Amino acid sequence: MTSTPATHRIGFVSLGCPKATVDSEHILTQLRAEGYAISPSYDEADLVVINTCGFIDDAIDESLEAIDEALHENGKVIVTGCLGAKGDIVRQHFPNVLAVTGPHATHEVMEAVHEHLPPQHDPFIDLVPAQGIRLTPRHYAYLKISEGCNHRCTFCIIPDLRGDLVSRPVNEVLGEAERLVAAGVKELLVISQDTSAYGIDVRYRTEFWNGMPVKTRMTELCSALGSLGVWVRLHYVYPYPHVDEIIPLMADGKLLPYLDIPFQHASPRILKAMNRPAASAKSLQRIHEWRAICPELTLRSTFIVGFPGETEEDFEQLLDFLEQARLDRVGCFPYSAVEGARANQLPDPVDEDTKQERLQRFMEKQAVISSEKLSARIGSRQRVLVDAVGESGTVARSAADAPEIDGLVYIEEPSDAQPGDFLDVRIVATDEHDMWGSLSGQP
Ligand code: SF4
């Protein structure tokens, strides 16, 4: 038996949104592919990589605290992610970090790792699973289809951090999806900054997947993903006209009847000030048309209240929109200035008390709508995907519930289900967020 050199061990801290999680997975996969071990503690690590978030002040603080802790506990730290792209902020706070890169920078991170811990050729590199290293549970996975964004919303600095839209080739995305499904993934969560814009940058180039031509375009991608036999959920979709093409796929059961559309506001004046690519009147019409084709459709959205210049009249337009759109799942945030965003220069900022008061009125209205929509499901049969099993029962999600952001389905009866199993349940109770299901009376 030949001896091998001691394996270098890397500590890894992953912060931020699902897009950052996917970046972390790519870096971890590359680290393992090159024979580095992943250390669960600072003590045992030879160095630590921190994937940061730099979107809002709280996220910046959390990232800076994580860097501080890793420097204190370990001393050798490489910083990557959105905070790394924000000028010199990391170096100003911590001049002794080993390297700083922006987001989506696997190559640069690996170069920094190589500089401080040269790779050792390890015969076990082929032990890296084909689907790569993932941070999500085994039964669901994020599938990132593009990076960057061509829009310039005035409150957002993502295009400054991540650049313009760059779509991944559709054959590469579908190949990754197939490997994930082969590894046991039951739910694919399609993410990007703007899923409907997929392929615009490459003029919808045709690639070949399993010998078949497929365009780099949302409809064709969705149709191919729908053939893999697992749940496919779409996030960050803007209501461009071609979104209409995927609603029949949802009605046919090829995609989950679920759309995550960040509307952000409904007043045309505020949408213009935000530089958003949508107008509320058309959005309402589209929603009605989609629901006519696919009545099961769940709509999730996010909104900002208290954007600079928002008057009481603008805000009431937003409440009217909520009333008419009757969205299923809604997140709402009071406007908070992001360093470097153009919206900071807009006149007529809304004072904090008014922002909080509008937030409360918004949430009260939506809470009634969400609980009415959920209670309408009582008595229905739902297919659910099991996330966890414990002594007090089974925790699952329906087609209407994306992991971590939406509600859950609790099943209190004993069952031998495992995470990743599908169950058919009858909904027996609901509240504003969650549902309770029963296995009894299964066909
Ligand atoms: S669509 Fe607007 S909010 Fe979303 S990433 Fe692009 S610029 Fe930012």
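Computed from a prediction, not measured in an experiment: that's the story for all the values here.

What counts, and where the lines are drawn
- Residues numbered from 1 in each chain as written.
- Predicted model: local features only at pLDDT ≥ 70, side-chain atom pairs only at ≥ 80, totals over all residues.
- Heavy atoms only, no water.
- Helix = DSSP H or I, 4+ residues; strand = E, 2+ residues; numbered from the N terminus.
- Buried < 20%, exposed > 50% of the residue type's maximum accessible area, 1.4 Å probe, protein only.
- Areas by Shrake-Rupley, 256 points an atom, 1.4 Å probe, with all protein chains shown as cover.
- Lys, Arg positive; Asp, Glu negative; His and termini not counted.
- Charge placed at Lys NZ, Arg CZ, Asp CG, Glu CD.
- Phe/Tyr/Trp six-rings, centres within 6.5 Å; stacked < 30°, edge-to-face > 60°.
- Lys NZ or Arg CZ within 6 Å of the ring centre and 35° of its normal.
- Near = heavy atom within 4 Å.
- Nonpolar A, V, L, I, M, F, W, Y, C, P; charged D, E, K, R; others polar.
- Expected span 1.5 Å × (residues − 1).
- Arc of directions from axis to C-beta.
- Pairing = 2+ DSSP bridges.
- Contact = heavy atoms within 4.5 Å.
- Axes fitted to C-alpha atoms, helices over the stretch in contact; angles between N-to-C directions.
- Parallel < 35°, antiparallel > 145°, perpendicular 65-115°, else oblique.
- Disulfide = S-S within 2.5 Å.
- Right-handed = clockwise from strand over helix to strand, strands pointing away.
- Polar contact = N/O pair within 3.5 Å; in protein donor to acceptor, adjacent residues only side chain to side chain.

**Thoughts on the overall build of the chain**
Counting its secondary structure elements, the chain contains 12 helices and 20 strands. Principal-axis analysis of the C-alpha atoms places the extent of the chain at approximately 70 × 60 × 50 Å. Relative to its 443 residues, the chain shows a buried fraction of 54%. Taken as a whole, the chain presents about 19800 Å² of accessible surface, with 52% of it coming from carbon and sulfur. Each charge class in the chain was averaged separately, 40 positive and 66 negative side chains, and the resulting centres sit 7 Å apart.

**Topic: the packing of aromatic side chains**
Taken as a whole and assessed by the stated rule, the structure comprises 9 aromatic pairs. An angle of 75 degrees between the planes, with centres 5.2 Å apart, marks the rings of phenylalanine 307 and tyrosine 335 as edge-to-face. Residue phenylalanine 307 is located in the loop between β14 (298–305) and α11 (312–325), and its partner tyrosine 335 is located in the loop between β15 (329–334) and α12 (352–375); the two are separated by 28 residues in the primary sequence. Counting every residue linked through ring pairs, the aromatic cluster contains Phe263, Phe303, Phe321 and Phe362. The ring of tyrosine 258 has arginine 233 lying over it, and the distance from NZ or CZ to the ring centre is 4.5 Å.

**Focus: the site of the ligand**
Neighbouring the ligand are the residues Cys149, His151, Cys153, Phe155, Cys156, Ile158, Pro159, Gln193, Tyr238 and Arg276. Among the residues making up the shell around the ligand, the classes are represented as 7 nonpolar, 2 polar and 1 charged.

**Let's talk about α11**
For α11, with 14 residues, the first-to-last C-alpha span of 20 Å sits near the 20 Å given by 1.5 Å per residue. Restricting attention to buried positions, one finds in α11 the residues Asp314, Phe315, Leu318, Leu319, Phe321, Leu322 and Ala325. Down the axis of α11, the smallest arc covering the buried residues is 155 degrees, so these residues share one side.

**Here's the deal with the sheet that holds strand β2 (residues 37–39)**
An order of β2-β1-β3-β4-β5 is seen for the 5 strands of this open sheet, with the pairing classed as parallel. Of all strands in the sheet, those with a lone pairing partner are β2 and β5 (99–100), marking the two edges. Set on the sheet, helix α2 (residues 57–73) makes contact with β3 (47–52) and β4 (77–81); between it and β3 the angle comes to about 180 degrees.

**So, the packing of α11 against α12**
Following both chains from N to C, one finds α11 and α12 inclined at 10 degrees, their axes separated by 10 Å at the closest point. If you check the angle between α11 and α12, you find them roughly parallel. Judged by residue contacts, Glu312, Phe315, Glu316, Leu318, Leu319, Leu322 and Glu323 of α11 engage Arg358, Arg361, Phe362, Lys365, Gln366 and Ile369 from α12. Split into classes, the residues belonging to the contact of α11 with α12 amount to 6 nonpolar, 1 polar and 6 charged.

**Notes on the side chain of histidine 242**
Checked against the element boundaries, histidine 242 lands in the loop between β12 (231–234) and α8 (247–251). Residue contacts for histidine 242: discarding those within four places in its chain leaves Ser196, Arg217, Met218 and Thr219.

**Re the state of the cysteines**
By definition, a disulfide is the covalent link that joins the sulfur atoms of two cysteine residues. Applying the stated criterion across every chain yields a total of 0 disulfides. The structure places no disulfide on cysteine 53, whose sulfur is separated from the nearest cysteine sulfur, that of cysteine 82, by 5.9 Å. On the basis of relative accessible area, cysteine 53 is assigned to the buried category, the value being 15%. No disulfide involves cysteine 222; its nearest neighbouring cysteine sulfur is the one of cysteine 294, lying 13 Å away. Cysteine 222 sits in the buried class, given a relative accessible area of 1%.

**Notes on the pairing of β4**
It is a general feature of regular strands that their side chains alternate between the two faces of the sheet. Counting buried positions over the 5 residues of β4 gives 5, a clear majority of the element. Both faces of β4 are covered, namely the face carrying Val77, Val79 and Gly81 and the face carrying Ile78 and Thr80. Here 5 bridges tie β3 to β4, and the two strands are oriented parallel to one another. Bridge pairing in β4 links valine 48 to valine 77. A crossover links β3 with its parallel partner β4, the connecting element being α2, and its sense is right-handed. As judged from the 2 bridges shared by β4 and β5, these two strands associate in the parallel manner. Bridge assignment links valine 79 to a residue of β5, and that residue is valine 100.

**Thoughts on the environment of glutamate 176**
Relative to the assigned elements, glutamate 176 resides in helix α6 (residues 170–182). Residue classification places glutamate 176 among the buried residues on the basis of a relative accessible area of 14%. Measuring from C-alpha to C-alpha, the distance between glutamate 176 and isoleucine 50 comes to 25 Å, with 126 residues separating the pair along the chain. Beyond its immediate stretch of four places on either side in the chain, glutamate 176 contacts Tyr142, Leu143 and Arg168. Here the side chain of glutamate 176 touches arginine 168 through a polar contact of 2.7 Å, side chain to side chain.

No statement about biological role is implied by the geometric values presented.
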